[in-house]
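# Structural overview
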Amino acid sequence: MGWRGGVRRLGVVLVAVQSLAFRPGLAAAAEECGFSFSEVAAEVGLRFHHEAGAAGGLHLPETMGAGVAWIDFDGDGWLDLYLVQSGPFPPDGGSAADRLFRNLGPDEAGEFRFVSAEAGELGRGYGQGVVAADVDGDRNVDLLVSHYGPTVLLRNDGAGQFAPAETLSAAGEDEFSWGSSMALADADGDGDIDLYVSRYLDYDPEHGLDCRRDGPDSPPEVCDPSLFVGQHDRYYVNRGSEGFEDETEAAGLGGADGKGLGVLFADLDSDGWPDLYVANDLTLNLLYRNRGDGTFDDLSLLAGAAVNRNGRPEAGMGLVVADFDVDGDPDLAVTNFDVETNTLYRNVGRAAGMLFEDASATTGFGQPSFNLLGFGIVAEDFDRDGALDVYVANGHIFASPRRDNTEHRQRNLLLRGVGEADPGRFLETRCAWTEEEPLVSRGAAVADFDHDGDADLAVTANDGPARLWRNETAGPSGAAWLGVELRGRSPNTQAVGAVVTLTGSGEQPPARRWAIRGDSYQSSSGHRLRWAVPAGSGPLQLDLRWPSGHRTRILDPPAGIYLLVEESP
């Protein structure tokens, strides 16, 4: 222990990881686009095909799933992968179970393998979203899975097995409950993490609508979401051993009925309390400020993140939070329907209260998505140049989209962050690996599954195969990386809600990361945080603000490894 420069230098567990080579996959050759990824799912044993369960009924739920979660369920340090299954529809009790793939780590030749894990009763039903987190404080990572049907909790027993699913009950449950994305945070300040479930439409499979685009003689198609009313979202307070309790109304969230598809918790005004943001389809996006007592104020319109710059609500799908312009506060990005463009809401800063502005047009973020329909979205520094990049999973809901230049199967979108030359701006990057064999992509989640310091991608497809993209981008000459894994005090053992800032002595501004659980679309990224360390950064400093409000400073953290940092008792 000891002191240095007036700051307590805390002991941390240093986990050194080996940089391992990988055999080329679908598109492994170095690319002029500046990003090199290989599709390695089949090569590593990850074989999963999502079943939408379409049987001619042309049901909207058949177009919307499903998600993916990175989870170290067996506690061996290697991130495993949980994939949500759906079909058939309407659900008949005979649905296939979700799949969990164990990451075995590298063998003697440095090759990675994933194997199907026999881990008890996994989620079963018409699956939609998933989020991985330790909800009961026993340091074993659990799973929450949403369905067209009930949301369920799968508790990890710590011995490689999940207990039978516990159904989360809700006050005034709808006959046709339809859960989508989920997010967790300690919203009431009692130490454990609470749950928000975004819910989509009140969809009766026997709705009796006959939807045809061009009159009675044209072929039938899936009915537009605008024809159905939205369901009320649900907020559950964590009661420890008693499970989750629906406190939606008591928390001031009873008005959240906007056809929710995406959700995240993050401290948007830097007051130490997690706020709530919900992406809705065709209705206002919702932004709730945490009052600091377990209740929320609806600031959706006042904060500027409910509509686009033209004052119109959009068809929101997925969400990500990040400090894109490197000014120290969290910005919000939302994926939308084609022709609307995706939206980047820049955080104006705490001095202005909670206020965002639509910067999609001025930053280069929006225009590249004009002919694409976005779902999953992640933000990472994929090329380790110090600027956050954005990856979006695309795919239409209609088999024959109504507009020219728009397809059902779509290429995914990669935006390169410009960096210190113009922080917060993006350039579209067209790479062969983002455009080959387009699918109807949905979920997207990032994690460093091979411990080489860069972010890899898991992407799901509606009624299609899951893909695993291994990042092989070299990065700038002389650049290094630094990773952090947080270990909080029980019951919030993963320190959900922590904020970590990396500062160097060079010219780059401090880079901030938020520890969140649940974002993108129906998905859950890995729990470790990463930064690029450009050449010439000089001595580094990590500053951590834990969810409890405690602070930790680490001087001269070594690059090229993940630091396991434990919160002091």
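Residues numbered from 1 in each chain as written. Predicted model: local features only at pLDDT ≥ 70, side-chain atom pairs only at ≥ 80, totals over all residues. Heavy atoms only, no water.

### So, the pattern of salt bridges
Inspection of the entire model under this criterion finds 28 salt bridges. One salt bridge connects R467 with E437, and the closest N-O pair in it is separated by 3.2 Å. Linking R467 in strand β31 (residues 467–471) with E437 in the loop between α3 (432–435) and β29 (441–447), this pair joins segments that are 30 residues apart in sequence. Residue class for R467 comes out buried when judged on its relative accessible area of 12%. Among the charged side chains, a salt-bridge network with shared partners connects R411, E428, R430 and E435. (Salt bridge = Lys/Arg side-chain N within 4 Å of Asp/Glu carboxyl O. Helix = DSSP H or I, 4+ residues; strand = E, 2+ residues; numbered from the N terminus. Buried < 20%, exposed > 50% of the residue type's maximum accessible area, 1.4 Å probe, protein only.)

### Focus on the packing of aromatic side chains
According to the stated counting rule, one finds 22 aromatic pairs in the structure shown. Ring plane angle 70 degrees and centroid distance 5.6 Å describe the contact between F324 and F426, whose orientation is recorded as edge-to-face. Of the two residues, F324 is situated in the loop between β21 (319–322) and β22 (331–334) and F426 in strand β28 (residues 426–428); the sequence distance between them amounts to 102 residues. Each of the two residues, F324 as well as F426, counts as buried. (Phe/Tyr/Trp six-rings, centres within 6.5 Å; stacked < 30°, edge-to-face > 60°.)

### Overview of the domain arrangement of the chain
Domain boundaries assigned for the chain yield domain 1 (50–471) and domain 2 (480–566). In this structure, domain 1 and domain 2 have C-alpha centres spaced 22 Å apart. Carbon and sulfur atoms make up 50% of the surface buried where domain 1 meets domain 2, a total of about 3,800 Å² over both sides. At the junction of domain 1 and domain 2, the tally comes to two salt bridges. Between D267 and R545 there is a salt bridge, and its shortest N-O distance comes to 2.8 Å. (Domains from an automatic or database assignment. Buried area = accessible area lost by both parts, 1.4 Å probe.)

### Quick word on the sheet that holds strand β4 (residues 37–39)
Read across the open sheet, the four strands follow the order β4-β31-β30-β29; overall the sheet is antiparallel. The strands lining the two open edges of the sheet, one partner per strand, are β4 and β29. Neighbouring strand axes in the sheet, compared pairwise and without regard to direction, differ in orientation by 20 degrees on average. Note that β29 and strand β30 (residues 456–461) share five bridges and pair antiparallel. Pairing of A447 across the sheet is with D456, part of β30. (Pairing = 2+ DSSP bridges. Axes fitted to C-alpha atoms, helices over the stretch in contact; angles between N-to-C directions.)

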